[in-house]
Amino acid sequence: MKSGLLAALAAALLVLLDPGGWLAAFELRTVDARHRGHAGPSASTERIVILEIGEGTLAQLAPIYGRWPWPRSVHAEVVDYLAQDGAAAIGFDLLLAERADRRVVDARAVDTLAALAAAADVPEVRAELGAQIEALRPQRGDAELAAAAAAAGNVFAAAVLAGAPAAPGDAAQGGDWPGPGVPLAAPDAAALHAHALLPYAELAQAARTLGHINVLPDADGVYRRFAPLAWWRDAERALPALGVAIAAHVRGVPLADLRRSDGALWIGDLALPLLADGSALIPYGGEMYRRIPYEQVLASKDLRAAGKPAPLAPGTFDERIVLISALAAGIADLRATPFSPVTPGILLHANVIDGLLAGRTLRATGAVGAALMVLGACLLAVATTARLRPAAGLALLLALAGAHALVCWYAYARGWMLPLVPPVAGLALAWGGGLLLRVLASERERRWLRDAFGHYLAPTVLEQLLRAPARLRLGGERREMSVLFSDIAGFTGMSERLPPEAVGRLLNAYLERMTACVLETLGTLDKFVGDAVMAEWNAPLAQPDHAARACECALRMLAEVDRADAPWRADAVDLDIRIGINSGEMLVGNMGSPQVFDYTVLGNEVNTAARLEPLNKACGTRILVSEATRRGAEQARPGHYAFRALGRVRLKGRAQPLAIHQLLGRQADLDASTRARLARHAQALNDFHERRFTAALAHWQALLLQHPDDGPAAHCAERCAGALAEPPPADWDGAYEQTEK
C-alpha cells in the first residue's frame, strides 16, 4: 500500500513537472481539437461584419487614392457611411498612430495644378488653385477622420502596448492617453507596459475609447489567449482589449462599471473567467464571419449619392459590429490559431466579441484543480493495478482514459476547459509504475517462496505455487489432507554404536532418499526431527487423491530402505522404518511470525498420524494407515493397494476408537498365497469382533504355523488369547488401548 502510494505521488509529480514539455504540447493539440470540434455560429455571429482591405481593394483604389496607406479622409468617408447605415460599433484593427506628413500626388493632379497656375491671374482660377492646394495638405485627412469618428460616437481605435517598465519610477507616472479606461488597478508593477503605440491625438480624442489589440501566443506560437486588460504607465487605470471594449459598448455596459472578482472580469452580468496570469481563453467559434470588400462601401456611398444602384443595400450594417482590417498580402496581420497557421488577426478579435455577446466563455480548472485531477488519476491507476489482473487493469485503464476524454469534450460545451492529457498521462504512468511494482513484488514473493519452500516442495508443485502464491494464507486454512510420519526403528541404539561421522553420513543419505519419495509424489516435506520425517499432501495445492499419494510415498520409502545398494550398507547397517498415515481435516499454513515461521499442519488428525507410527511396533507392521486414509486411497485408485484390517484401537489422546489397517503393498504385486492368507486373516478378525474368540485364535495360529514372521497375525492372536482368558464386557466395541506412544 505504501509503495503504491509512493508510485502514485511520483507519477503525479513527473506529469506535473512535465520535463521537456511534451505533455503540455500534446495538451495544446487536444485544446485545438476541442475548439475545432465545437466551432459553430452563435446568435451574435451574424452581427459581426469584417470590412476587409484586400489585394482587390488596393488595386481598384490605387488610381484614385494612390498607394497604401491612403489618406485618412478615405476612412472618414467609410465611417460616415457606416454610421449613417446604422452600425452599432465600428472597430479599427489598423494602427493609425502617426499623423500624415506626406501625400503622393498623381499625374492628373499635377496636370490640373499646372493648368490652373497658367491662368492664375483670373480670380476664380486663383480660388480654385487655393482649394486644390489645400486639399493636398496631409493633415486634412487626419482631421476628417477624427471629425467622422466624433460624429459617429461608436468608433473604437486600436492601440498596442509592449515591454515591461523601463524603471521602477515608470509605475508612478500618470497615463496620458485620452478617453475613458477601466478603473481597475494593475495586480503589480510588472504588469505595466513600458511602451504604447496609440492613435494620433485627434483620433484618440474623438474615438469612443481605445482598445489594445495585444494577443498572447502559447509556447507553440498558436494564439489561444488574450489579455482583457492591460496597463500602461497608470497602475490605476486599465486599457481594455478591443474586443472587450466593443462588447461592453454593445451590451450597454460603461467601462467604468467593469469589475474584477472571483477570478473573473465582470462585464455587467457576464463573467469572463481569468487565468492565473490575468489572461483569458479566446472562446473560438470559428471563421464564419461575413466579409465585405472595403471598396464596396465607398462605391455604395458615391452611387447612392448619385441616385444609382449600389453594391450594398441600405441597412446592410444596421445594428452590425463592423471591424475594419487590412488583409492584403504584405500588410495583413496573420496569426496561428487552432483553425489555421495563417489566420487574419482580426478574426481573433471577432471571436472575442462574438463569445462575449453570446455569453460563450471558457473557464480553466487552474493549477490546483489540474494537480488534484492528476493525483486522483494516479491513485486510481495504482489501485487498479493492485486489485486487477494486468489485462483487466489495462482494459479498465483504457476505458477510464476514454471516459475522461469524453468528459473533457462535453465539458467544453459547458464552458470548461478541463486538462485532458495530464490526467490520462498520469493514469498511464501510474499504471505502468504500479505494474512494475507489482512485478517486483511478485519477483520478491517468488524468491521468498523459492527460499521458503524450495527445499520441501516438489519442483512441479513449487512452479504451480509460484504462479498462484495467494494459495498460501498466513495463519492457515482448514483442508482435508493426508499426513505421514516415518521413523527409523532403533535409531537411538544405532547412534550409540556408530561414530558421529557415520551417523551423519547415514542420516543424510537416508533423508535424501526419503525426501525424494515425498517430492516424487508431489507432497510437501513438512520437517525433519532427527531421523523422523513428516510430510503432507493436498497443500498448498489441491490434490483430491492425497490419500493415495501418501500411500504411494510410504511404499516408495520402504523400497528405498530395502534396496541392496543403499549407501548405509557400506557401514554394515540395516535400516527398518515405521510409517503412520492418517487423513482428515487439518489446519495448514504459515505458523509463526512474518520473520520466523513454519509451514506445517496442525490438528487432532495430525496427532493421530503421529500415534500410528509407533503403533507399528506393537502391531508388527511397517506401515499403518487409518480407515480414512484407506477409504480415500480406494476412492482415488480402486483396487490398487492391498490393505489388511487390524481392528480398532483407542489411541492415546483420542476418545473414539480408530480402525487401523496395514498397508502391505500393491494388489498387482501379491501372489495367490498372500491373497489366501489375507482372506483367512479377515475371517479371523470377523470372528474376533463377533466374540468367537476360539475360532479366531485358531485361524491366527494356523497362519502363524505357515508364516511365523507374520507380525500382525501374532499381534491379533495375542489379543484374542487375552480375550479368551479375560472375556470383555458385554458392551465391548472390539477396540483395545494403545499403551505407549
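Only a predicted model underlies this, so the values are computations on that prediction, with no experimental measurement involved.

Caption draft 1: Spatial organisation of the pattern of salt bridges. This structure, assessed with the given rule, holds 38 salt bridges. Put simply, E737 and R650 hold a salt bridge, and the shortest N to O gap is 3.2 Å. On the criterion of sequence distance, the pair formed by E737 in strand β29 (residues 735-737) and R650 in strand β27 (residues 641-650) is long-range, its members being 87 residues apart. With a closest N to O distance of 4.0 Å, R666 and D669 form a salt bridge.

Caption draft 2: View of helix α2 (residues 22-37). When the terminal C-alpha atoms of α2 are compared, their 23 Å separation across 16 residues agrees well with the 22 Å that a helix rising 1.5 Å per residue should span. All buried positions along α2 are accounted for by E27, L28, T30, V31, D32, R34 and H35.

Caption draft 3: Region of the structure containing the pairing of strand β1 (residues 48-53). Counting buried positions along β1 gives 6 out of 6 residues, so the element sits mostly inside the fold. Where burial is concerned, the two faces of β1 agree: the one with I48, I50 and E52 and the one with V49, L51 and I53 are both buried. Pairing geometry for β1 and strand β16 (residues 321-326), over 6 bridges, is parallel. The residue bridging E52 from the neighbouring strand is S325, located in β16.

Caption draft 4: Spotlight on the state of the cysteines. One pass over the full model with this rule turns up 0 disulfides. Sulfur of C517: no disulfide; nearest cysteine sulfur belongs to C553 and is 5.6 Å away.

Caption draft 5: View of the side chain of N538. Within the fold, N538 resides in the loop between β23 (532-537) and α18 (546-562). Given a relative accessible area of 11%, N538 falls into the buried group. Among the polar contacts made by the side chain of N538, one reaches the main-chain amide nitrogen of Q543 at a distance of 2.4 Å. What N538 contacts, discounting residues up to four positions off in sequence, is R479, E480, M481, Q543, P544 and H546.

Caption draft 6: The arrangement of unusual backbone geometry in detail. Here the bond from W68 into P69 is cis, since omega is 5°, no more than 30 degrees from zero. Structurally, P69 can be placed in the loop between α3 (55-65) and α4 (72-84). That bond from A539 to P540 is cis: its omega, 5°, falls within 30 degrees of zero. Even without being glycine, D18 reaches a positive phi, approximately 50°. Along the chain, D18 turns up in the loop between α1 (2-17) and α2. Relative accessible area serves as the criterion here: at 13%, D18 is assigned to the buried category. A positive phi angle is found at R691, which is not glycine, with a value near 70°. Of note, R691 is situated in the loop between α21 (672-689) and α22 (693-706).

What counts and how
- Residues numbered from 1 in each chain as written.
- Predicted model: local features only at pLDDT ≥ 70, side-chain atom pairs only at ≥ 80, totals over all residues.
- Heavy atoms only, no water.
- Salt bridge = Lys/Arg side-chain N within 4 Å of Asp/Glu carboxyl O.
- Helix = DSSP H or I, 4+ residues; strand = E, 2+ residues; numbered from the N terminus.
- Expected span 1.5 Å × (residues − 1).
- Buried < 20%, exposed > 50% of the residue type's maximum accessible area, 1.4 Å probe, protein only.
- Pairing = 2+ DSSP bridges.
- Disulfide = S-S within 2.5 Å.
- Polar contact = N/O pair within 3.5 Å; in protein donor to acceptor, adjacent residues only side chain to side chain.
- Contact = heavy atoms within 4.5 Å.

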